[in-house]
Amino acid sequence: MDIQLNELSKKEFDPALINEITPDTGYSIWTKKDPFGRTYFGVGNFCGMDRSINEDTDLSWLEWDGNEVNISNNDKMLLFEKTIGIMKGWIDQLVESYPDDSFVVFASFDDGNALVEECERNMSFTLRFWKKREGSGLDENMEYNQPVIRWSN
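Bear in mind the structure is a predicted one, so any value in this text is a computation, not a measurement. (Residues numbered from 1 in each chain as written. Predicted model: local features only at pLDDT ≥ 70, side-chain atom pairs only at ≥ 80, totals over all residues. Heavy atoms only, no water.)

J.: Is there a simple way to think about the overall build of the protein chain in this case?
T.: If you tally the helices and strands in the protein chain, you get 3 helices and 7 strands. Of the regular secondary structure in the protein chain, the N- to C-terminal order runs β-α-β-β-α-β-α-β-β-β. Within the span of the protein chain, comprising 153 residues, buried residues form 41% of the whole. Nonlocal contacts in the protein chain, meaning residues at least 24 apart in sequence, comprise 66% of its contacts between residues at least 6 apart. Accessible surface, the protein chain as shown: approximately 8,800 Å² in total, 44% of it carbon and sulfur. (Helix = DSSP H or I, 4+ residues; strand = E, 2+ residues; numbered from the N terminus. Buried < 20%, exposed > 50% of the residue type's maximum accessible area, 1.4 Å probe, protein only. Contact = heavy atoms within 4.5 Å. Areas by Shrake-Rupley, 256 points an atom, 1.4 Å probe, with all protein chains shown as cover.)

Put into structure tokens, the structure is as follows:
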């Protein structure tokens, strides 16, 4: 399991701890078929489930938008451990249940410093995953100006 941290993440978190963290299986992945018989993957309530899916909908982008799990905590170490645990749980589910498919599991960190006026924010991670599909989805070579943790197969 090769979970990668970008340089900004390596400044915030210790990559050596990843091997010590156990998978969190509390976020089960499910599959559904769209009206055109195409399978897509989800977790939890899946943001935007109420919108219609068109025949030309890019399912990888749909998964990016829908599979958003936000966790927050003022303890950076606990937040990192929870994030890696969820990522490992998803990775285990995806590799075991869909060995012939390729996926990306992604987490971005927000240190909570960009406070909105009169609104306190905690540190948080936003976790997402999506299936890689030929000719669709996100650009794999994106640059990020925030700490990012990523896995893909």
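J.: Just checking my understanding: could you explain the packing of aromatic side chains for this structure?
T.: Two descriptors summarise a pair of aromatic rings, namely the distance from one centre to the other and the angle between the planes of the rings. Summed over all chains, the structure comprises 13 aromatic pairs. Ring centres 6.1 Å apart and planes at 50° place the aromatic pair Phe106 and Trp130 in the tilted group. Taken together, the positions of Phe106 in strand β5 (residues 103-110) and Trp130 in strand β6 (residues 124-131) put the pair 24 residues apart, joining distant regions of the chain. Residue placement shows Lys32 over the ring face of Trp30; its charged tip is 5.0 Å from the ring centre. Its end group placed over the ring of Trp64, Arg128 keeps NZ or CZ at 4.2 Å from the ring centre. (Phe/Tyr/Trp six-rings, centres within 6.5 Å; stacked < 30°, edge-to-face > 60°. Lys NZ or Arg CZ within 6 Å of the ring centre and 35° of its normal.)

J.: What am I meant to see in helix α3 (residues 76-97) here?
T.: For an α-helix, the turn length of 3.6 residues means that residues three or four places apart are oriented alike. Between the first and last C-alpha of α3 there are 31 Å, a value that for 22 residues agrees with the 32 Å anticipated at 1.5 Å per step. Turning to α3, its buried residues are Leu79, Phe80, Thr83, Ile84, Gly85, Ile86, Met87, Lys88, Gly89, Trp90, Ile91 and Leu94. The opening residue of α3, the one whose side-chain oxygen lies 3.0 Å from the backbone nitrogen of Met77, is Asp75. (Expected span 1.5 Å × (residues − 1). Polar contact = N/O pair within 3.5 Å; in protein donor to acceptor, adjacent residues only side chain to side chain.)

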